[in-house]
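One letter stands for each residue in the lines below.
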Amino acid sequence: MQRNLATLTLIGRDKAGVIARITQLLFQLGANIEAMEEQVTRGQFSMALQASWPVARFDRTGIVRGVKETARELGMEAKIHFAPKGPQRLAILVTKEPHVFEGLLALTPNKLGAQPVVVIGNRPALEPLACQRKLPFHHVPFNNRTRAEQQVLQILEKAEVDFIVLARFMKILSPNFVWRWKNKIINIHPSLLPAFPGANAYRQAYERGVKVVGVTAHFVTPNLDEGPIIAQEVLRVRSDEPLAGIVKRGQALETRCTLRAVRIYVTKRLDVHWGRVYS
């Protein structure tokens, strides 16, 4: 049976009865709730909910109106992402390393399975590359993370983005940002997580003398480098190989793994349960 899918996020000050109000609203709107996760941190309530509608009961305008009205009554911020009918619209966040970014741009939307629509960089280094591909580039310095994230959220909203890839984007996103895009932000980390999280992962592996290194594409969560794993790639380290050689080979893996994760994401509906991805 064909269904229309959507993800609803709700963020605001915690209060009694929020979950009941939202689930009752979706029942009235003819939705089936397929997954829900919520948490309260220092009085801040965050919820991400997946819902589906039979085609005959799907009223997009009515759903958006109902969600916005209920969120306003609750004094909360709500966002609803509908599963697109065509290619998913991709935002790419970058800093200065070009290899993953170049890999994403090297494929046509048909081969990638998604349409890049906007590039956001905390540095301007990769703007010329974006301009070559006629992609809008926004330079958003992260000197003040709260202000920067608010600007990025506005850009994503205006561009009608469906999901995000962090193409070696070297800034940590806050829980406030991540919850708004739960399981819709893909990051590439240069190690076989959970080993060697954080900065300088190749150096960590090199100094430990590991014989196999790799990279991990994962969903971003509020906990750094602990998000559900989508894909991994590995390579064997030669006994006499210098760190620079490991990094060079690892960067090729980063690109390949990111592309594989994007294809998995756009061609399958990934379910995340207890920190694991099921496809």
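Asker: Is there a simple way to think about the overall build of the chain in this case?
Answerer: Helix and strand counts for the chain come out as nine helices and 13 strands. Against the 2.2 N^0.38 benchmark of 19 Å for 279 residues, the chain shows a C-alpha radius of gyration of 20 Å, consistent with a compact globule. Based on the C-alpha atoms only, the size of the chain along its principal axes is roughly 65 × 45 × 40 Å. Within the span of the chain, comprising 279 residues, buried residues form 48% of the whole.

Asker: Please explain unusual backbone geometry as it appears in this structure.
Answerer: Excluding glycine, a negative phi dihedral is what most residues carry, and trans is how most peptide bonds are arranged. Note the cis peptide between Leu193 and Pro194, where omega equals 10 degrees. Note that Pro194 resides in the loop between β9 (185-189) and α8 (201-208). Of note in this structure, Arg42 is not a glycine but carries a positive phi near 50 degrees. Examined against the element boundaries, Arg42 turns out to sit in the loop between β2 (32-41) and β3 (44-54).

Asker: Any chance you could explain the packing of aromatic side chains here in plain terms?
Answerer: Remark: the centre distance and the inter-plane angle together describe each pair of aromatic rings, the angle taken between the planes. If you walk through the whole model with that rule in mind, you get five aromatic pairs. Look at Phe142 and Phe169: their rings are 5.5 Å apart centre to centre, the planes differ by 75 degrees, and that puts the pair in the edge-to-face class. A residue pair is termed long-range when its members are at least 10 positions apart, and Phe142 in the loop between β7 (137-139) and α6 (145-158) and Phe169 in the loop between β8 (163-166) and α7 (175-178) qualify at 27 residues. No difference in accessibility class separates Phe142 from Phe169, as the two residues are buried. Aromatic side chains Phe163 and Tyr265 sit 4.7 Å apart centroid to centroid with 35 degrees between the ring planes, which places their arrangement in the tilted category. Of this pair, Phe163 sits in strand β8 while Tyr265 is found in helix α9 (residues 243-267), placing the two residues 102 residues apart along the sequence. In this structure, Phe163 and Tyr265 share a single accessibility class: buried. Three or more aromatic residues joined by ring pairs form one cluster here, namely Trp53, Phe58 and Phe82.

Parameters at a glance
Residues numbered from 1 in each chain as written. Predicted model: local features only at pLDDT ≥ 70, side-chain atom pairs only at ≥ 80, totals over all residues. Heavy atoms only, no water. Helix = DSSP H or I, 4+ residues; strand = E, 2+ residues; numbered from the N terminus. Rg over C-alpha atoms; globule rule 2.2 N^0.38 Å. Buried < 20%, exposed > 50% of the residue type's maximum accessible area, 1.4 Å probe, protein only. Phe/Tyr/Trp six-rings, centres within 6.5 Å; stacked < 30°, edge-to-face > 60°.

These values are about where atoms sit, not about what they do.
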